[in-house]
Amino acid sequence: MTERKIPAPSISPENKAYFDAAAQGKLLIRKCGGCGEVHHYPRSICPFCFSDKTEWQDAKGTGTIYTYSVLRRGVPVPYCIAYVTLEEGVSMLTNIVDCDLDAVRIGQKVKVTFKPSDGGPPVPMFTPA
Ligand SMILES: [Zn+2]
């Protein structure tokens, strides 16, 4: 089986700590000190209340598949793109990897895994738990 090449994410001041943590096998989310909501993708301003009192929090790295789509046409290697809802309650757009793509189901329990990218830091993805 051919491995899909994962494009390197573009690093910004807002997401640098996120990818530094990913390089150490840790998944981070942002939590707002103003309203208490967690969010993803990392931003320094809370998307719910626009507070700038957001900080990093360790995520457990487990969640469930909210929705997904398997891409097979026009791509060199088929892959599964999905929204995974973390135990912390926030959803992230990600890929489901290292499994039979025909067996992926909504509501399936998944856990984080880190996939090397093409010349960049590893990227958090999910695999069946
Ligand atoms: Zn907030």
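This one's a predicted model, so the numbers in the text were calculated from it and none came from an experiment. (Residues numbered from 1 in each chain as written. Predicted model: local features only at pLDDT ≥ 70, side-chain atom pairs only at ≥ 80, totals over all residues. Heavy atoms only, no water.)

**Student:** In this structure, what is going on with the pairing of strand E1 (residues 28-32)? I would like to understand it.
**Tutor:** A regular strand places its side chains so that they alternate between the two faces of the sheet. Among the five residues that make up E1, four are buried, leaving the element largely enclosed by the rest of the structure. Sheet topology note: the E1/strand E3 (residues 54-58) ladder contains five bridges and is antiparallel. Considered in E3, the bridge of Ile29 is made with Gln57. The pairing of E1 with strand E2 (residues 38-39) spans two bridges and is antiparallel. Within E2, the residue paired with Lys31 across the bridge is Val38. Between E1 and E2, which pair antiparallel and follow one another directly, the connecting turn spans five residues, one of which, Gly36, has a positive phi of 85°. (Buried < 20%, exposed > 50% of the residue type's maximum accessible area, 1.4 Å probe, protein only. Helix = DSSP H or I, 4+ residues; strand = E, 2+ residues; numbered from the N terminus. Pairing = 2+ DSSP bridges.)

**Student:** Before we go on, may I ask you to explain the nonpolar core in this structure?
**Tutor:** In a soluble, globular protein the nonpolar side chains are often hidden away together inside. Of all hydrophobic cores here, the largest spans 21 residues; its most connected members are Leu27, Ile65, Val84, Leu86, Ile96 and Phe126. When residues of this core are traced back to their parent elements, those giving at least two are helix H1 (16-23), E1, strand E5 (79-86), strand E6 (91-96) and strand E7 (109-115). Here this core gets four residues from one element, more than from any other, and that element is E5. Other than its neighbours up to four places away in sequence, Val84 contacts Gly63, Thr64, Ile65, Tyr66, Val90, Ser91, Met92, Thr94, Ile96, Val110 and Phe126. (Core = buried A, V, L, I, M, F, W, Y, C linked by side-chain atoms within 4.5 Å. Contact = heavy atoms within 4.5 Å.)

**Student:** Could you clarify how one ought to interpret the coordination of the zinc ion in this entry?
**Tutor:** Six octahedral donors at a metal ideally form angles of 90 or 180 degrees, and four tetrahedral donors ideally form angles of 109.5 degrees. At this site the zinc ion is bound by Cys32 (SG), Cys35 (SG), Cys46 (SG) and Cys49 (SG), with donor distances of 2.3 Å. Its four donor atoms give the zinc ion angles of 105 to 114° at the centre, a pattern that matches the tetrahedral case. Positions of the donor residues of the zinc ion along the chain correspond to the pattern C-x2-C-x10-C-x2-C. Taken as a pair, Cys32 in strand E1 and Cys49 in the loop between E2 and E3 lie far apart in primary sequence, 17 residues in all. (Donors = N, O, S within 2.8 Å, 3.2 Å for Na, K, Ca; no water. Tetrahedral: all angles 85-135°; square planar, octahedral: opposite > 155°, others 65-115°.)

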